[in-house]
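# Structure assessment
In case you want the letters, here they are:
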Amino acid sequence: MAATIKKASKDLIDEARRWAAKKQTGVSLRYMTEFGSRPTPRNLLISAQFLHKELPIRIARRAVELESLPYGLSLKPAVLKVRDWYLESFRDVRSIPEIKDNNDELDFTQMIKMIKVRHNNVVPMMALGVQQLKKDLNPKIVYEDLDEIHQFLDRFYMSRIGIRMLIGQHVALHDPDPPPDCVGCIHTKMSPVEVARNASEDARAICLREYGSAPDINIYGDPKFTFPYVPTHLHLMVFELVKNSLRAVQEQYMDSDKVAPPVRIIVADGLEDVTIKVSDEGGGIARSGLSKIFTYLYSTAKNPLDDQSDVDPETATTMAGYGYGLPISRLYAMYFGGDLQIISMEGYGTDAYLHLWRLGDSQEPLP
């Protein structure tokens, strides 16, 4: 496949450049919910026709940007591989001339499903590219100077969240028997307490597996309170925050006779925001290190795709991950108009505030 990409490269890249110059169209959580609540064949056709126009623009923008990254990052083998995935997907979407009827729509849906699978490993593969770059960089380079790369990765991963949400939502609307209160991937009555409980149990299981013990987790908030959101997004964010807190507490108290203090999760429903606070007494982060926790360039953890690593990337979830958990969680929060803030007291512990915009009318950020 890569060889064909290289042959078709010039024409394909020229076409991608033309598409990348077109304007993207953002949608809101509320719009996706209202539109998807009636998944009639006609609405599925309209949705497919929208994606047929929108996906090539979004995919082309990333493919073109992958060509011109600073410090030679574009030439790293892992980044070239990601670029080829994007070009192949661009070519696939453009290979369907138009979507006129429901048979076209079903063919198109199968194809975008395949595209989503092709891109499953984009995050660890890009992380590998950044690692390959770091090996070659002059160690004297201050990582703040790599701001450009950090901003590129923010745009790149934010766009990926949007592409996967649009594809996932369209595919899920075909479910003939959707779970109650679900519109595609959106749960119209999602209980944040419930999702936080599941995510924190998953994180605790990993902590137990890795350390042999794990701090308790206490959750405060009304389990009956619900609002419309995407449970998989929330699960991913809470899982990441709780995993970090468990690791901090576990390492702080590993050689101590004292009982490790619990990690606390508090869910509050405000008029505008639903806020989830994850609090730990794991010793905190020095103020000088706080700016680094949202960058992609600091992790010392093993990448599951690294040549020396024997971890299966599909199932890889270690306590340390590969250092992308926090910045990517923040992008997930921002995608629907929320945010993630970390406040730390060095010598005591850390509070993470996950703000979710509950009104659902915020447009997707379109990098």
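Okay, so let's go over this structure. (Residues numbered from 1 in each chain as written. Predicted model: local features only at pLDDT ≥ 70, side-chain atom pairs only at ≥ 80, totals over all residues. Heavy atoms only, no water.)

## What about the pattern of salt bridges?
Throughout the structure, instances matching the rule amount to 18 salt bridges. The partner of Arg17 in a salt bridge is Glu67, with the nearest N and O atoms 3.9 Å apart. Here Glu67 lies in the loop between helix H3 (41-65) and helix H4 (77-94) and Arg17 lies in helix H1 (residues 2-20), a separation of 50 residues in the sequence. Looking at Arg17, the relative accessible area reads 42%, which means it is partly exposed. Between Asp136 and Lys76 there is a salt bridge, with the nearest N and O atoms lying 2.9 Å from each other. Taken together, the residues Asp136 in helix H6 (residues 122-136) and Lys76 in the loop between H3 and H4 connect sequence positions 60 residues apart. A relative accessible area of 55% means that Asp136 is categorised as exposed. (Salt bridge = Lys/Arg side-chain N within 4 Å of Asp/Glu carboxyl O. Helix = DSSP H or I, 4+ residues; strand = E, 2+ residues; numbered from the N terminus. Buried < 20%, exposed > 50% of the residue type's maximum accessible area, 1.4 Å probe, protein only.)

## Observations regarding the packing of H4 against H6
Interhelical geometry of H4 versus H6 gives an angle of 145° and a closest axis separation of 7 Å. Where H4 abuts H6, its residues Pro77, Ala78, Val79, Lys81, Val82, Trp85 and Tyr86 lie against Val122, Met125, Met126, Leu128, Gly129 and Gln132. When its residues are assigned to classes, the contact of H4 with H6 shows ten nonpolar, two polar and one charged. (Axes fitted to C-alpha atoms, helices over the stretch in contact; angles between N-to-C directions. Contact = heavy atoms within 4.5 Å. Nonpolar A, V, L, I, M, F, W, Y, C, P; charged D, E, K, R; others polar.)

## Some thoughts on the nonpolar core
Ranked by internal contacts, the top residues of the largest apolar core, which has 101 residues, are Phe108, Met126, Tyr157, Leu234 and Leu354. With twelve residues, helix H7 (residues 147-172) is the largest single contributor of residues to this core. Other than its neighbours up to four places away in sequence, Phe108 contacts Ala48, Leu51, His52, Leu55, Val93, Ile96 and Ile99. (Core = buried A, V, L, I, M, F, W, Y, C linked by side-chain atoms within 4.5 Å.)

## Points about the sheet that holds strand S2 (residues 186-190)
The strand order across the open sheet formed by three strands is S1-S2-S4, and the pairing between neighbours is antiparallel. This sheet does not close on itself; its edge strands, each paired only once, are strand S1 (182-183) and strand S4 (227-229). Judged from the two bridges that link them, S2 and S4 form a sheet pairing that is antiparallel. Among the inter-strand pairings, Met190 is bridged to a residue of S4, identified as Phe227. Its contacts with the sheet place helix H9 (residues 231-253) against S2 and S4, and it is angled at close to 85° to S4. (Pairing = 2+ DSSP bridges.)

## With respect to helix H2 (residues 29-36)
Looking only at H2, the buried set comprises Leu29, Met32, Thr33, Phe35 and Gly36. Those residues of H2 that are buried are in contact with H3, H7, S1, S2, S4 and helix H11 (325-335).

## Observations concerning the packing of helix H5 (residues 102-118) against H7
It is at 10 Å that the axes of H5 and H7 come closest, and there the two elements cross at 135°. Viewed along their axes, H5 and H7 adopt a mutual orientation that is oblique. Helix-helix and strand crossings are classified by hand; for H5 and H7 the assignment is left-handed. Every residue of H7 that contacts H5 at Glu105, Thr109, Ile112, Lys113, Ile115 and Lys116 is listed here: Arg164, Ile167, Gly168, His170 and Val171. (Parallel < 35°, antiparallel > 145°, perpendicular 65-115°, else oblique. Left-handed = near helix turned anticlockwise from the far one by under 90°.)

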